[in-house]
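# Topology and contacts: notes
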Amino acid sequence: FHRVFKKTSGNGGLTLYLGKRDYVDNVTAVDKVDGVVKLDPADFGDRKVFVQLACAFRYGNEDLDFMGLQFRKDIWIQHYQIYPADHKPAPSAMHETLLKKAGDNAHPFTFEIPPNLPCSVSLQPGPDDKGKACGVDFEVKTYLAKEKSNPDEKIEKKDTARLVIRKIQYAPSQAGAGPKAEICKSFMMSDKPVHLEASLEKDSTTQLFCLPLSDLHFHPLTVDQTTDIVLYSADKYTKAVLIQEFGETVEAGSTYDNTVTITPLLAENKEKRGLALDGRLKDEDTNLASTTVLRQGVEKEVLGILVSYKIKINLMVAGGGDVTVELPLILMHPKPQGILLITPTNKC
């Protein structure tokens, strides 16, 4: 059994079929988008049938379009004419499955998503926000028109069928060595500095070492998400997606050992408006957005939204003063499902 996604146009003449809605970016290439359009040409007249895949940045409510306001910007778009047939893709197993499902008068198509395009990201709406969420999305659309892309030709909604898809990335099976940070800080009330060192082992395990020359108290450990909207403005903001309480006091000259598993989850951050999420599909849950992977030679503006994470460890020194280290975190979701676990081991 293979799940099939389909959408029929209002006029009943076009039905779009896809075999999946998540397409994995494997760094060097992206899964091909194989689909089928079933036609009932009785009312087509002199119009042709086209199919397109578009990657767009959405930053406003679609309802504003009637006022002449632009609510989306296309980052990349590709069209094919499938009736009369002008696009003959190499047949695939997915095509075979979908053609059997669609029946007679069905036409296959294939899109190849360039690897340099961004992954799907949506910004979490507030409780009173309506319409589609802001963010980067991918949409497959089939439509009736006389020309492929004439801006002066009005295409009625009843003559279109569309499905939103997602471009996603998974964490690599073999993680490399993680980052390391350390700080040595002096205080007026102490004749020797405080040394704090932190590292991420294989991007998943945090190790802390500190030399307390005075009593120390742990502030909550935090994981922060920074969202940088680079396409149309210089809007950049940071939100905490996890706050882990320690509540420990470390006396000078003593040793503190503890292992804590921390898992940043969307379920704990449902009320935070503007939080970056993996692209949301209708009626399907999503996750915190994966870290944006910057490829060499790709302009940031093409990516639309940049997402990054950092772990922040903060200690308060008795008598006044703080010691803080920050570690960059690559947050990605392991295949097939789940979220990366971060297991810090604190040694003071």
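Residues numbered from 1 in each chain as written. Predicted model: local features only at pLDDT ≥ 70, side-chain atom pairs only at ≥ 80, totals over all residues. Heavy atoms only, no water.

With an unreviewed UniProt entry as reference, the chain is termed Arrestin-C, source organism Dicentrarchus labrax. The Function (unreviewed entry) comment attached to the chain in UniProt states, word for word, "May play a role in an as yet undefined retina-specific signal transduction. Could bind to photoactivated-phosphorylated red/green opsins." (UniProt positions renumbered as here; feature names shortened; annotations may be inferred.)

### As for the state of the cysteines
Overall, the coordinates contain 0 disulfides when judged by the stated rule. Looking at cysteine 55, it has no disulfide partner, and the nearest cysteine sulfur is the one in cysteine 119, 9.7 Å off. Of the residues examined, cysteine 55 reaches a relative accessible area of 0% and is grouped as buried. (Disulfide = S-S within 2.5 Å. Buried < 20%, exposed > 50% of the residue type's maximum accessible area, 1.4 Å probe, protein only.)

### What to know about the pairing of strand β7 (residues 106-111)
Of all the 6 residues making up β7, 5 are buried; the element is thus mostly covered by neighbouring parts of the structure. Pairing between strand β4 (residues 33-39) and β7: 6 bridges, direction antiparallel. Residue pairing across strands places glycine 35 opposite phenylalanine 109, the latter belonging to β7. (Helix = DSSP H or I, 4+ residues; strand = E, 2+ residues; numbered from the N terminus. Pairing = 2+ DSSP bridges.)

### Considering the pattern of salt bridges
Enumeration over the complete set of coordinates arrives at 12 salt bridges. Between aspartate 25 and lysine 167 there is a salt bridge; the shortest N-O distance is 2.8 Å. One end of the pair, aspartate 25, is in the loop between β3 (22-24) and β4; the other, lysine 167, is in strand β10 (residues 160-168), with 142 residues separating them in the sequence. Accessibility classification places aspartate 25 together with lysine 167 in one group, the buried group. Among the salt bridges present, the one from lysine 32 reaches glutamate 112, with a minimum N-O distance of 3.7 Å. (Salt bridge = Lys/Arg side-chain N within 4 Å of Asp/Glu carboxyl O.)

### Regarding the environment of glutamine 225
Among the secondary structure elements, glutamine 225 is positioned in strand β15 (residues 221-229). For glutamine 225, a relative accessible area of 1% corresponds to the buried category. Distance in space between the C-alpha atoms of glutamine 225 and leucine 329 is 9.6 Å, their sequence separation being 104 residues. Once residues lying within four places of it in the same chain are set aside, the contact partners of glutamine 225 are Tyr237, Thr238, Lys239, Val241, Leu275, Ala276, Leu288, Ala289, Val307, Ser308 and Tyr309. A polar contact is formed between the side chain of glutamine 225 and the side chain of threonine 227, at a distance of 3.4 Å. (Contact = heavy atoms within 4.5 Å. Polar contact = N/O pair within 3.5 Å; in protein donor to acceptor, adjacent residues only side chain to side chain.)

### Topic: the side chain of histidine 79
Within the fold, histidine 79 resides in strand β6 (residues 72-83). Among the residues examined, histidine 79 registers a relative accessible area of 18% and is labelled buried. Polar contacts involving the side chain of histidine 79 include one to the side chain of glutamine 52, which spans 3.2 Å. Excluding residues that lie within four positions of it along the chain, histidine 79 makes contacts with Val51, Gln52, Tyr143, Lys148 and Ser149.

### Regarding the pairing of β15
The element β15 is extensively covered by neighbouring structure, given that 9 of its 9 residues are classed as buried. Residues of β15 alternate between two faces, with Leu221, Val223, Gln225, Thr227 and Ile229 on one and Thr222, Asp224, Thr226 and Asp228 on the opposite face, all of them buried. Of the strand pairs in this sheet, β15 and strand β16 (residues 235-244) are connected by 9 bridges, and their pairing is antiparallel. By the bridge assignment, threonine 226 is partnered in β16 with threonine 238. Taken together, the 8 bridges between β15 and strand β20 (residues 305-317) define a ladder with antiparallel strand orientation. Bridge pairing in β20 places threonine 226 opposite serine 308.

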